[in-house]
Amino acid sequence: MFAGTMGPLIGLLLLCLALTLTTDTFLTMRNILNVLDQITVLGIMAIGMTLVILIGGIDLSVGSVLALAAMVMGFVAHPDYLNLGLAAGVVAALVVAGLCGLVSGLLVTVTRLPPFIATLAMMSVARGLANMITDGSQIVGFPDWFTSLSIIRHFGFLSVTVGVMMVLAIVFAIFLNYRATGRSLYAIGGSAEVARLSGIPVKSLTNWVYAICGVLAGLAGIVLAARLDSVQPSSGLGYELDTIAAVVIGGASLSGGVGSIGGTAVGVLIIGVLRNGLNLLGVSPFIQQVVIGAVIALAVASDTWRRRAR
C-alpha cells in the first residue's frame, strides 16, 4: 500500500521538522486538525486521480466537475431553486459528476482522443455548465446539520468529512492491492496492449476509472460546500494541478503502472503541510505558488530519473 513512498515520506518528515523548528504553532493539535480539514477536498479528488494515472491517463477536468456537481446539488436542494431536499441534491450531484467522468472515458476509449485532450474538453464543458445553472451566481445557505459535517469533531478530533476521506483511502488501497480488478489497473498502465491480450477488459475498466474519478470529484464538491456553506461556479479552479501534483509527489509515474494510495496520501499531506507552514511563516501567496511549482517540478523530475534508472 505504501510501495515507493520512502522518499516522499522522508521529505514529509523533514518538512514537518523544519516547520516545527521555525514556528511556534505548527506542532499543535489545533493546527494539525486544521491541516486535516484543509486537505480533505484534495485528498478525495487525489484518490480518483491515482486510479487514472495508474492506467496511464490524466484528468484535467476534476476541478470543473467539482464545481458542476456542487452547483447541481445547490440547484436541486436549495429552497430558492428546485427545493427537492439535500439528499436529492447530493444524489444528483454524484450522478452528474459520474456521467462527466464516463464521457471523458468514452472520449478516450471510443473516439481514441488522448486523455489530455478529452479531459481538457470536459474541463471547459463542465465549467460552462456550472456557470449556466445560475447564470454565474453563487448559492448560499444549507441546513445546519450539513455544514456541521465539516465542523463538529467526533471523539474530539475527527469530523465526518475527514472520516469519509480516510475510509475512502482505506477502501481503495485494499481494492488496488487485494482485488484482481485493482491489480489489472497496474497491468493496463504497464502496457494496455499486453493487458488486452491477457484478457483484461481494458476499455471497460478505463471507462469505469474515469467515471469513479468523476464521482469522487463530485463528492469533493459536496464536501467543499459543507465547509463553505455555499456553492459557486468558480470553485475548484486550479485544483486539477494540485491533485495531479499530490499523486506524482507521492511516487506515482505519469507514464502509468506505478503508484499507490498510501503514496498519494503522503503527497496530499506534503502539499497540505507546505501550504499551512508557509501561511504560518507569513509567506506571500504569490511566493507560495512559486514554491509549490518548484516542488511539482522536482517530483516530476524524480519520476523521470527513476524511470531512466530502471
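This section reports on the structure supplied with the text. (Residues numbered from 1 in each chain as written. Predicted model: local features only at pLDDT ≥ 70, side-chain atom pairs only at ≥ 80, totals over all residues. Heavy atoms only, no water.)

Inspection of the secondary structure assignment puts Thr243 in helix 12 (residues 239–249). Leave out the neighbours within four places in its chain, and Thr243 touches Leu42, Met45, Ala46, Met49 and Val62. (Helix = DSSP H or I, 4+ residues; strand = E, 2+ residues; numbered from the N terminus. Contact = heavy atoms within 4.5 Å.)

What follows is about the pattern of salt bridges. One pass over the structure, following the stated rule, counts three salt bridges. Measuring nitrogen to oxygen at the nearest pair gives 2.7 Å for the salt bridge that ties Asp37 to Arg153. Of this pair, Asp37 sits in helix 2 (residues 29–38) while Arg153 sits in the loop between helix 7 (144–147) and helix 8 (160–178); the two residues are 116 residues apart in sequence, bridging distant segments of the chain. Between Glu193 and Arg196 there is a salt bridge, with its nearest N and O atoms 2.6 Å apart. With Glu193 and Arg196 both in helix 10 (residues 192–197) and three residues apart, the pair spans about one turn of that helix. When its relative accessible area of 46% is taken as the criterion, Arg196 is described as partly exposed. (Salt bridge = Lys/Arg side-chain N within 4 Å of Asp/Glu carboxyl O. Buried < 20%, exposed > 50% of the residue type's maximum accessible area, 1.4 Å probe, protein only.)

Okay, helix 1 (residues 6–22) next. Taking 1.5 Å of rise per residue, 17 residues should cover 24 Å, and helix 1 covers 24 Å from first to last C-alpha, within 8% of that figure. Residues Pro8, Leu12, Leu15 and Leu19 constitute the buried set of helix 1. Axial view of helix 1: buried residues confined to an arc of 65°, hence all on one face. Opposite the buried face of helix 1, at more than 90 degrees from it, the exposed residues are Met6, Leu13, Leu14 and Leu21. Buried residues in helix 1 make contact with helix 12 and helix 13 (261–280). (Expected span 1.5 Å × (residues − 1). Arc of directions from axis to C-beta.)

A few words on the nonpolar core. Met73, Phe146 and Val231 are the most contacted members of the largest nonpolar core, which has 87 residues in total. When residues of this core are assigned to their parent elements, the largest contribution, 13 residues, is made by helix 11 (residues 202–228). Beyond its immediate sequence surroundings of up to four residues, Val231 is in contact with Ala70, Met71, Met73, Gly74, Gln138, Ile139, Phe142 and Ala225. (Core = buried A, V, L, I, M, F, W, Y, C linked by side-chain atoms within 4.5 Å.)

Before going further, it helps to spend a moment on the state of the cysteines. In this structure the tally under the stated criterion is zero disulfides. No disulfide involves Cys100; its sulfur sits 11 Å from that of Cys213, the nearest cysteine. Residue classification places Cys213 among the buried residues on the basis of a relative accessible area of 1%. (Disulfide = S-S within 2.5 Å.)

The next subject is helix 6 (residues 115–133). Between the first and last C-alpha of helix 6 there are 27 Å, a value that for 19 residues agrees with the 27 Å anticipated at 1.5 Å per step. Here helix 6 has its buried residues at Ala118, Thr119, Met122, Ala126, Arg127 and Ala130. For helix 6, the angular spread of buried residues about the axis comes to 160°, placing them on one side. Turned more than 90 degrees from where helix 6 packs its buried face, Ser124 and Met132 sit exposed. The first or second residue beyond helix 6 is Asp135, which carries a positive phi of 55°.

Time to look at the packing of helix 3 (residues 40–54) against helix 11. It is the contact of helix 3 with helix 11, at a shortest axis distance of 8 Å, that shows an interaxial angle of 175°. On the basis of their axis angle, the class for helix 3 and helix 11 is roughly antiparallel. Contact residues: Thr40, Val41, Ile44, Met45, Ile47, Gly48, Met49, Leu51 and Val52 in helix 3; Val209, Tyr210, Ile212, Cys213, Leu216, Ala217, Leu219, Ala220, Val223 and Leu224 in helix 11. Here the contact of helix 3 with helix 11 is built from residues that sort into 17 nonpolar, two polar and no charged. (Axes fitted to C-alpha atoms, helices over the stretch in contact; angles between N-to-C directions. Parallel < 35°, antiparallel > 145°, perpendicular 65-115°, else oblique. Nonpolar A, V, L, I, M, F, W, Y, C, P; charged D, E, K, R; others polar.)

Moving on to the packing of aromatic side chains. When we look at a pair of aromatic rings, we describe it by the centre distance and by the angle of the planes. One pass over the full model with this rule turns up four aromatic pairs. Aromatic pair Phe75 and Tyr81: ring centres 5.3 Å apart, planes at 40°, arrangement tilted. Three or more aromatic residues joined by ring pairs form one cluster here, namely Phe142, Trp145 and Phe146. Directly above the aromatic system of Tyr186 lies the positively charged group of Arg183, at a separation of 4.6 Å from the ring centroid. (Phe/Tyr/Trp six-rings, centres within 6.5 Å; stacked < 30°, edge-to-face > 60°. Lys NZ or Arg CZ within 6 Å of the ring centre and 35° of its normal.)

So, about unusual backbone geometry. Unlike most non-glycine residues, Arg112 shows phi in positive territory, near 60°. Inspection of the secondary structure puts Arg112 in the loop between helix 5 (86–109) and helix 6. Of note in this structure, Asp229 is not a glycine but carries a positive phi near 60°.

Quick look at the environment of Phe75 now. With respect to the helices and strands, Phe75 occurs in helix 4 (residues 62–77). When the C-alpha positions of Phe75 and Ala92 are compared, they lie 9.8 Å apart, and in sequence the two are 17 residues distant. Residues contacting Phe75, with those up to four places away along its chain left out, are Tyr81, Leu82, Asn83, Ile133, Thr134 and Ile139.

This part covers the environment of Leu224. On the secondary structure map, Leu224 appears in helix 11. Here Leu224 falls in the buried class, since its relative accessible area comes to 10%. When the C-alpha positions of Leu224 and Leu66 are compared, they lie 8.9 Å apart, and in sequence the two are 158 residues distant. Setting aside residues no more than four positions away along its own chain, Leu224 makes contact with Val41, Leu66, Ser235 and Tyr239.

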